[in-house]
Each structure stands twice: as structure tokens, then as C-alpha cells.
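# Remarks on the overall topology
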Amino acid sequence: RRERRGFPSAPRAGQCVFAGTAPAAFSARYQACSGRARIEAITAFTQAIAIWSRTVGEEHLDVAIALIGLAKAQDDVDALASATRARAIIEKVAPGNPLLADAIGLAGMAHAGRNEWPAALADLERALALRGAADVDPLHRAETQSYLAWAILASGGTGAARTRALALAREARDVYRSRGRAERA
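Source: prediction; values computed, not measured. (Residues numbered from 1 in each chain as written. Predicted model: local features only at pLDDT ≥ 70, side-chain atom pairs only at ≥ 80, totals over all residues. Heavy atoms only, no water.)

Here we come to unusual backbone geometry. The backbone of Asn-115 shows a phi angle near 60°, a positive value even though the residue is not glycine. When you line up the elements, Asn-115 lands in the loop between helix H5 (99-113) and helix H6 (117-130). (Helix = DSSP H or I, 4+ residues; strand = E, 2+ residues; numbered from the N terminus.)

Right under this line is the structure:
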């Protein structure tokens, strides 16, 4: 797998969606997606999903929240299924909930991990649009901007797409710096 202009290639099968695929700004956040911690996270979220499904029903926001956590620890194939299920639940029971952007963004990253660029870009664009609301934490918006910038470049974006990707990356960098998160910039 080749890296394009400093951006990593998509993850290999069996690799956590985020470990080693996200811009360096976020890789530290998902370090737990490897080894024993990853297995423990998958086990804990799977148990939480089973418990919530039994106690409040399979289409409850708490189940979607656990699915989002599970998707963050899974490889891209399983992450796509978990994120898609979380998305469907949130769209049905709480369509205005900001967690919808999380589920859609995770699906986008899973699509990217599978080199499904049109789907990845569509999901990440939608996640960014949802994060455009005034009440959204700028750090969450910056995270989505960084992932979208990475996906645009990794998918071979050139010309105007490349220019937009670089603008998104710079804007995210500026947010991190202004919020005292220079290590993510």
C-alpha cells in the first residue's frame, strides 16, 4: 500500500479502523484499538449492547451509543456494520442528536478503510455538515474536517478537491492550536 503525500493508506483487514489510518492528530486517541485493550473494549461494548438491548430494546439511543463505542474498536468490516446499525437507530429515534454525526463519520472511515471512496466521502461530508451547527464543539468539527481532508487526498483528490482538503486540514489545525491542543495540530 502506498502513502500519498504524507497521508497513510487505508487500514489492512483486521486492523482497527482508526489505528494508523487517521491523521497523526488523532492517532493517539485510538491507541487503545490494538492488542488486549482492543479485545477488552470489543467485549465490553458487545456486553453493553446485549444488556441495553434486553433492558430498553434494540432500537434505543443507549444501544446506539454502545455501537458507536464498539465501532471505534473494530476493524473496518465490523465497524461499518456497527456504525450503520447505530446510524439507523439514531435516525429513527433521535434524528437531531449530535451522535448521528459520530455514527456517520465512523461509517465513512470504515468505507475509507475498505477503499470505498465514494461512500467514504459522502458519509464524511454528511458528518461534517451535521457538525456545522453553531452548538457543536469546534474540536468535534475539527476532527471530522481532518478525516475528510485525509479521505479526499487518500482517494486521489486533485485540483479543487485537493485545495479544499488542504483548507479543511488547516482549519482543523487552527482549531486545535486555539484550543490548546497543539499536539493534534
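For the protein, the average pLDDT comes to 83, and 79% of its residues sit at 70 or higher. Confidence drops under pLDDT 50 across residues 1-32; counting only partners more than four residues distant or on other chains, this segment forms 78 contacts. (pLDDT = per-residue confidence, 0-100. Contact = heavy atoms within 4.5 Å.)

On to the nonpolar core, then. Ranked by size, the top nonpolar core spans 21 residues in total, and within it Ile-49, Leu-67, Ile-68, Ala-86 and Ile-90 carry the most contacts. For this core, the elements supplying multiple residues, two or more each, are helix H3 (61-73), helix H4 (76-93) and H5. Top contributing element to this core by residue count: H3, with 7 residues. Counting 16 residues, the second largest nonpolar core, distinct from the first, contains Trp-117, Leu-124, Tyr-147 and Ala-154. (Core = buried A, V, L, I, M, F, W, Y, C linked by side-chain atoms within 4.5 Å. Buried < 20%, exposed > 50% of the residue type's maximum accessible area, 1.4 Å probe, protein only.)

What follows deals with the pattern of salt bridges. Side chains that carry opposite charge are capable of pairing whenever their charged atoms lie near each other. Summed over the entire model, instances satisfying the criterion amount to 10 salt bridges. The closest approach of N and O atoms between Arg-131 and Asp-102, which form a salt bridge, is 2.2 Å. Of this pair, Arg-131 sits in the loop between H6 and helix H7 (138-154) while Asp-102 sits in helix H5, placing them 29 residues apart in sequence. Between Arg-114 and Glu-116 there is a salt bridge whose closest N-O contact spans 3.0 Å. (Salt bridge = Lys/Arg side-chain N within 4 Å of Asp/Glu carboxyl O.)

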